[in-house]
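Listed here are the chains, written in short residue letters.
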Amino acid sequence: MLRWMLAFFAMKLVYSIMAWMLFATGAAAQEIWKPTRPVAIIVPNAAAGTSDRTARDLQRVMQKHKLIDVPIVIINRPGGSGTLALNQLHAANGDPHMLLLMNGAIIAAHAMGLTPHRHSDFTPIASVAEEYFGMNVRGDSAIRTAPDMLVRLRKAPDSLAFGTISITGINYLGMVSAFKLGGVDFKRLKTVTFASGSESTLALLGGHIDAVNTGLSNMAEHFKAGKMRTLAITSPRRMPAPFTEVPTWKELGIDVIASGWRGVMGAKGLTRAQVAFWETTLRKVMDTPEWKQDLADNYWASTVMDARETRKRWDAEYFEAKAMLADLGLIKAK
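Residues numbered from 1 in each chain as written. Predicted model: local features only at pLDDT ≥ 70, side-chain atom pairs only at ≥ 80, totals over all residues. Heavy atoms only, no water.

Right, let's get into the pairing of strand β5 (residues 161-164). A two-sided burial pattern is seen for β5, the buried positions comprising Ala161 and Gly163 on one face and Phe162 and Thr164 on the other. Note: β5 against strand β6 (residues 190-193), 4 bridges, orientation parallel. Pairing of phenylalanine 162 across the sheet is with threonine 191, part of β6. For the crossover that starts at β5, traverses helix α6 (residues 170-181) and ends in the parallel β6, the hand is right-handed. (Buried < 20%, exposed > 50% of the residue type's maximum accessible area, 1.4 Å probe, protein only. Helix = DSSP H or I, 4+ residues; strand = E, 2+ residues; numbered from the N terminus. Pairing = 2+ DSSP bridges. Right-handed = clockwise from strand over helix to strand, strands pointing away.)

Moving on: helix α3 (residues 83-91). Taken together, the buried positions of α3 are Thr83, Ala85, Leu86 and Leu89. Along the long axis of α3, the arc covered by the buried residues comes to 155°, so they all point the same way. Contacts from the buried residues of α3 go to β1 (39-43), β3 (98-103), α4 (104-111) and β9 (259-266). (Arc of directions from axis to C-beta. Contact = heavy atoms within 4.5 Å.)

At a minimum axis separation of 9 Å, α4 and helix α11 (residues 307-327) run at an interaxial angle of 55°. Comparing their axes, α11 and α4 come out oblique. In this structure, α4 crosses over α11, and the sense of that crossing is right-handed. Two secondary-structure elements touch here, α4 through Gly104, Ile107, Ala108, His110 and Ala111 and α11 through Trp314, Glu317, Tyr318, Ala321, Lys322 and Leu325. Classifying every residue of the contact of α4 with α11 gives 7 nonpolar, 2 polar and 2 charged. (Axes fitted to C-alpha atoms, helices over the stretch in contact; angles between N-to-C directions. Parallel < 35°, antiparallel > 145°, perpendicular 65-115°, else oblique. Left-handed = near helix turned anticlockwise from the far one by under 90°. Nonpolar A, V, L, I, M, F, W, Y, C, P; charged D, E, K, R; others polar.)

This structure, assessed with the given rule, holds 14 salt bridges. With a shortest N-O distance of 3.6 Å, arginine 60 and aspartate 57 are connected by a salt bridge. With arginine 60 and aspartate 57 both in helix α2 (residues 50-64) and 3 residues apart, this pair spans about one turn of that helix. Close ionic contact of glutamate 131 with arginine 262 constitutes a salt bridge, the shortest N to O distance being 2.8 Å. On the criterion of sequence distance, the pair formed by glutamate 131 in strand β4 (residues 123-138) and arginine 262 in strand β9 is long-range, its members being 131 residues apart. Residues glutamate 131 and arginine 262 agree in their burial class; the two are buried. It is possible to trace a salt-bridge network through shared partners that takes in Asp57, Arg60 and Asp294. (Salt bridge = Lys/Arg side-chain N within 4 Å of Asp/Glu carboxyl O.)

Written as structure tokens, this is what we have:
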């Protein structure tokens, strides 16, 4: 009897090992994936803006370090509050070779009903960077400080023209929040929309608009040259040179902190192996000295989040954006 029982358990152990080996072999086969044809990164803004710059920095680092074996192309699809870019990603259902450079404006656009696509209709992959915004006027403007601007806008909210790339962008919503807290009738603001932050910056320099709240990288060189004056920044604390003398809104008694983040999103229906490849690749990008230098050169902050953390952040931001928009009277609260 003992011999029979030993034989039985030995046979069971052999079957268990064989089953585990088959499972491990199958799992390993499923987990191995890499691009087999050119990869496209869709940018929902025009060329030369911060979103475009982020995508091209990712492209450059991946290609330089040979992190993928296929070409990478950048496709700019501005317009429709992100709808044109999202339409292209939506059409690539299940295709891991199509990515989109994601930002908070797209999340807010759905909350406002400006696009039919919600972030949860796609596959989050990673968060990579974020930036703070500066309120800028021309260097020869009569407006010398942020309090000067608030005083003028309280008297005549439509007396200044502000440039923006989207009324759903965090830079625009941060600006509006600051003005609301500063006692300005923000609903009467005069706003001019541009395809990118760089375009709005050039419009300011050309005297076509009076002010722009934009990423620091869009205007740092103009600021250093004295062509633009930065009145306040949406960061929690003062930024490094050349902005060390520029106050934050919080310093001025306006309790506003706003940062624009950049993330990477894939089409709907990606497999875990495909998401894992892009998570790993992007983490390698963020570990390179080139990427760290890009962050410093553009005054960006490092943000390293995987797909799970990114999904949680985007879900939370969607409801935060909806509450903020309702509070500002830009959508109806439900």
